[in-house]
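What follows is each chain in one-letter form.
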Amino acid sequence: MVFPSIFYSLSATSLPFACQGISKTMPYKKGTQVEVAKLEGNSVVAWFSAAVEKAIWKNSLLVDYNCSKNDGSVLPKEIVDLKHIRPHPQHASAIIFCINDEVEGFQGNGWWLGVITDVHPEFRYTFKAAHSGKEIQLDQKALRLRYDWTHDQWQQVTQVCTQSFFGIFIKL
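Read on for a plain summary of the structure.

A closer look at the overall build of the protein
If you tally the helices and strands in the protein, you get 0 helices and 15 strands. Expressed as a percentage of its 172 residues, the buried residues of the protein come to 42%. By element, 55% of the accessible surface of the protein is carried by carbon and sulfur atoms, the whole surface being about 9900 Å².

Considerations on the side chain of Arg 86
Counting through the fold element by element, Arg 86 comes out in strand S6 (residues 85-87). Within the structure, the side chain of Arg 86 is placed 3.1 Å from the backbone oxygen of Tyr 147, a separation counted as a polar contact. Sequence-distant contacts of Arg 86, that is, excluding residues within four places in its chain, are made with Tyr 28, Val 34, Glu 35, Trp 47, Glu 104, Arg 144, Tyr 147, Trp 149 and Trp 154.

As for the pattern of salt bridges
Going through the model one piece at a time under the given rule, you end up with 8 salt bridges. Note that Glu 53 is salt-bridged to Lys 77, the shortest N-O span being 3.5 Å. Here Glu 53, found in strand S3 (residues 43-56), pairs with Lys 77, found in the loop between strand S4 (60-65) and strand S5 (78-81); they are 24 residues apart in sequence, far enough to count as distant. Taking the relative accessible area as the measure of exposure, Glu 53 reaches 21% and is therefore partly exposed. Taking relative accessible area as the criterion, Lys 77 reaches 48% and is therefore assigned partly exposed. With its nearest N and O atoms 3.1 Å apart, the salt bridge here joins Glu 104 to Arg 86. Here Arg 86 lies in strand S6 and Glu 104 lies in strand S7 (residues 102-107), a separation of 18 residues in the sequence. The residues Glu 104 and Arg 86 share a single accessibility class, namely buried. Linked through salt bridges whose partners overlap, the residues forming this network are Glu 35, Arg 86, Glu 104 and Arg 144.

Brief notes about the environment of Asp 152
With respect to the element layout, Asp 152 can be found in the loop between strand S12 (147-150) and strand S13 (153-156). Residue Asp 152 is classed as partly exposed on the basis of its relative accessible area of 39%. Separated by 65 residues in sequence, Asp 152 and Pro 87 place their C-alpha atoms 9.4 Å apart.

As for the pairing of strand S9 (residues 124-129)
Within a regular strand, side chains alternate between the sheet's two faces. The element S9 is extensively covered by neighbouring structure, given that 5 of its 6 residues are classed as buried. Pairing of S9 with strand S10 (residues 135-139), which is carried by 5 bridges, proceeds in the antiparallel orientation. Within the sheet, the bridge partner assigned to Arg 124 lies in S10 and is Asp 139. The turn linking S9 back onto S10 is made up of 5 residues, and Gly 133 within it adopts a positive phi angle of 80°.

Description of the layout of surface pockets
Taken as a whole, the largest pocket encloses approximately 400 Å³ of empty space. Around the largest pocket sit 21 residues that line it, and Lys 38, Phe 48, Tyr 65, Leu 75 and Trp 112 are the ones nearest its centre. Those elements that place two or more of their residues in the lining of the largest pocket are strand S2 (33-40) and S5. Of all the elements, S2 adds the most residues to the lining of the largest pocket, at 4 residues. Tallied by class, the residues present in the lining of the largest pocket amount to 11 nonpolar, 7 polar and 3 charged.

Definitions and limits used
Residues numbered from 1 in each chain as written. Predicted model: local features only at pLDDT ≥ 70, side-chain atom pairs only at ≥ 80, totals over all residues. Heavy atoms only, no water. Helix = DSSP H or I, 4+ residues; strand = E, 2+ residues; numbered from the N terminus. Buried < 20%, exposed > 50% of the residue type's maximum accessible area, 1.4 Å probe, protein only. Areas by Shrake-Rupley, 256 points an atom, 1.4 Å probe, with all protein chains shown as cover. Polar contact = N/O pair within 3.5 Å; in protein donor to acceptor, adjacent residues only side chain to side chain. Contact = heavy atoms within 4.5 Å. Salt bridge = Lys/Arg side-chain N within 4 Å of Asp/Glu carboxyl O. Pairing = 2+ DSSP bridges. 1 Å grid on protein atoms, 1.4 Å probe; cavity = no way out; pocket = protein on both sides within 12 Å on 5 of 7 lines; lining within 4 Å. Points joined across faces, edges and corners; volume = space filled by probe spheres on them. Nonpolar A, V, L, I, M, F, W, Y, C, P; charged D, E, K, R; others polar.

Here it is in structure tokens:
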């Protein structure tokens, strides 16, 4: 299955305004909690939590990851270009997802882009990672709406399902 709109394009036109050139002020200060993109090619496949350590030049930050590798070892601090950094999105609770919803699923210490391929009882969902095609079942708490950070604003990608009077879920 191909996921054409799943991957966040890193073209100059889709980058946040502050990241398209050298900004006059650094948008993130020391200690700010952010998410850093994991890239495959030029596409974002996941987001990992980190804290800003300090600004490096005018368009890069030194970040300290809040997570560890799968083997338990600590991720090293890293210098990251601003175009690969975004603030933490708000995490909504009690969201009902539908099949084919584009979401982010938490696994392996990061939020991976993917889609819902099946809905199960007790708020469990089959999540298919866009980068690998691997399917796993996740609880509702391990899923979040997909948003893109564009021009210093959140743009919602996922449409939210709501329940009708007849027990049928529809997208708003």
